[in-house]
Amino acid sequence: MTQFRHASVAIPVLDEVENISKMIQILCRQTYGYFDIYVCVNNPDDWCSSADPYHISAYRSNQETLRYLSEVSQSADMRAIGRRLHIIDCSSPGRGWAGKRKGVGWARKMLFDSIAKGHDDDELVVSLDADTEISPDYIDTVVSEFNAWKGQEAMDRHIDAQIRALAVPYYHPLSGDMVTDRAMLRYEIYMRHYLISLFDASASFKTHIPYTFSALGSAMVFPLGGYKKVGGITPLQGGEDFYLLQKFAKAGAVVVDSEALVKPQGRVSRRVPFGTGPAIAGGLEAMETKYPLYSYRSFLEVARTYSMFPSLYDGDKETPMSDFLRAQLSTDDLWQPLRDNFKTRAHFVHACAERVDGLRILQYLKSRPLTTAEEEIKSLCSRHDISISDHFCFEESPLAEIDKLRGDLFTLESMLRKGKNRCDGQMVG
């Protein structure tokens, strides 16, 4: 059996001159020696002559980054790392993005496609961001974990190890700026509440929802062969990480249990239209609208629907999501076409899960009634015996109290991630 032995680290860079030097130093200290580094320095082509102060500043930062990377590649002190460094210039005049082809999605596509040209299908792609901190054994850990999973294929639904992606656990360090940190913690708790609620609801109905993962572009690892098999990345300006992992979830599996950890910076950013940076930039006042803590009742409705997929093979029944799905799909006949096309219960159930995918789940949650974020987080804490003040408030509680809550949720989520992997190979039905 061929093992994963070599990895390629993929890093998109926009206005990261300080962070990329730190990342190169981190990569120099990796205990695993068999990896290449691909860096895509990118910006729209017209930024080099833009009147927007941020655009011209980011362009100049990118040019400084290119000079730094060139020096690294030629430095005697860094020759070991420099000879593995592949610099993709999508920043200099005439090389930047034009038209709709722009953003981090295109940068990641450029990186992954460049890796595909130079390596075989057993290459592991390690997707990071320049502002991400990782431990010296990070690459060693993820390579070892993929090789362990490759040896367990017969036990786990016979999933080809090449079509497994890893959604690495994450933890945003505090910046020291109280306003930024309060917004960052609120956003991270939104993410953790979403994942934990999916875990809880799935357990309540003893069902499996394959989209139970958190998607961060700085926290993905996958085999190059699997990347090709799922059709590659859709080069969106934001959310490209979610859609890529969703492809893996449909074709194989997304693993969420790992001893590895990434620590992305939680900071204000204009580089992408949504995600951590824009969420923090919007501040607490925008969180309730853009990043609400969805009702646990709605998560239970999703899980109840998933639990009914096996019985739907025998005939139509109303599920909690039926009205929503009829409206979304513009059809009253939700399940018969799937019965006609998939002749076994297991294949039918898989097709149902492909139809009610991670995007549909999010759309459904958004369509349902909401309470306040404080009420929902107290509900979650109550389910898991986590201590929280009766007067807890994201806007007014001490930052230390909110950070402690984040830490408690991280510990809980880590435990649930490990439990999820033990049943990740089970087909519903």
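In this text, all values refer to a predicted model and were calculated from it rather than measured experimentally.

Participant: Describe the packing of helix H13 (residues 322-329) against helix H16 (residues 358-367), with residues and values.
Facilitator: Running from N to C, H13 and H16 point in directions that differ by 115°, and their axes come no closer than 11 Å. With respect to each other, H13 and H16 are oriented roughly perpendicular. When you trace H13 past H16, the crossing you get is right-handed. Between H13, through Phe324, Leu325, Gln328 and Leu329, and H16, the contact on the second element is made entirely by Arg360, Gln363, Tyr364 and Ser367. Residue composition of the contact of H13 with H16, by class: four nonpolar, three polar and one charged.

Participant: Give a detailed account of the sheet that holds strand E8 (residues 253-255), specifying residues and quantitative values.
Facilitator: Spatially, E3-E2-E1-E4-E7-E6-E8 is the arrangement adopted by the seven strands of the open sheet, whose pairing is mixed. If you trace the sheet from one side to the other, it starts and ends with strand E3 (85-90) and E8, each paired once. Averaged over all pairs of adjacent strands, the angle between their axes in this sheet comes to 20°, without regard to strand direction. Pairing of strand E2 (residues 35-42) with E3, which is carried by six bridges, proceeds in the parallel orientation. The residue of E3 that forms the bridge with Cys40 is Ile88.

Participant: Got a sec to walk through helix H1 (residues 17-28)? Specific residues and values, please.
Facilitator: Its 12 residues give H1 an end-to-end C-alpha distance of 17 Å, which sits within 8% of 16 Å, the value for a rise of 1.5 Å per residue. For H1, the complete set of buried residues consists of Asn19, Ile20, Met23, Ile24, Ile26 and Leu27. The buried side chains of H1 occupy one side of the element, clustering within an arc of 160° when seen end-on. The exposed set on the far side of H1, more than 90 degrees from its buried face, consists of Glu18 and Lys22.

Participant: With reference to specific residues and values, describe helix H6 (residues 178-204).
Facilitator: Look at H6: 38 Å from first C-alpha to last across 27 residues, which is about the 39 Å you get at 1.5 Å a residue. Along H6, 23 of the 27 residues are buried, which leaves the element largely enclosed by surrounding structure. Among the residues of H6, the N-terminal cap falls to Asp177, whose side-chain oxygen and the backbone nitrogen of Val179 are separated by 3.2 Å. Immediately downstream of H6, the backbone of Lys206 shows phi near 50°, a positive value.

Participant: An account of the pairing of E2 is needed here, citing residue identities and associated values.
Facilitator: Counting buried positions along E2 yields eight of eight residues, so the element is predominantly enclosed. Covered by surrounding structure in E2 are Phe35, Ile37, Val39 and Val41 together with Asp36, Tyr38, Cys40 and Asn42, the residues of both alternating faces. Both strand E1 (residues 7-13) and E2 contribute to a ladder of seven bridges, which runs parallel. What sits directly across from Pro12, in E2, is Cys40.

Participant: With reference to specific residues and values, describe the pattern of salt bridges.
Facilitator: Applying the stated criterion to the full structure yields 21 salt bridges. Between Asp403 and Arg406 there is a salt bridge, with the nearest N and O atoms lying 2.8 Å from each other. On the criterion of helical spacing, the pair formed by Asp403 and Arg406 is a turn pair, its members being three residues apart in helix H18 (residues 399-422).

The rules behind these values
Residues numbered from 1 in each chain as written. Predicted model: local features only at pLDDT ≥ 70, side-chain atom pairs only at ≥ 80, totals over all residues. Heavy atoms only, no water. Axes fitted to C-alpha atoms, helices over the stretch in contact; angles between N-to-C directions. Helix = DSSP H or I, 4+ residues; strand = E, 2+ residues; numbered from the N terminus. Parallel < 35°, antiparallel > 145°, perpendicular 65-115°, else oblique. Left-handed = near helix turned anticlockwise from the far one by under 90°. Contact = heavy atoms within 4.5 Å. Nonpolar A, V, L, I, M, F, W, Y, C, P; charged D, E, K, R; others polar. Pairing = 2+ DSSP bridges. Expected span 1.5 Å × (residues − 1). Buried < 20%, exposed > 50% of the residue type's maximum accessible area, 1.4 Å probe, protein only. Arc of directions from axis to C-beta. Polar contact = N/O pair within 3.5 Å; in protein donor to acceptor, adjacent residues only side chain to side chain. Salt bridge = Lys/Arg side-chain N within 4 Å of Asp/Glu carboxyl O.

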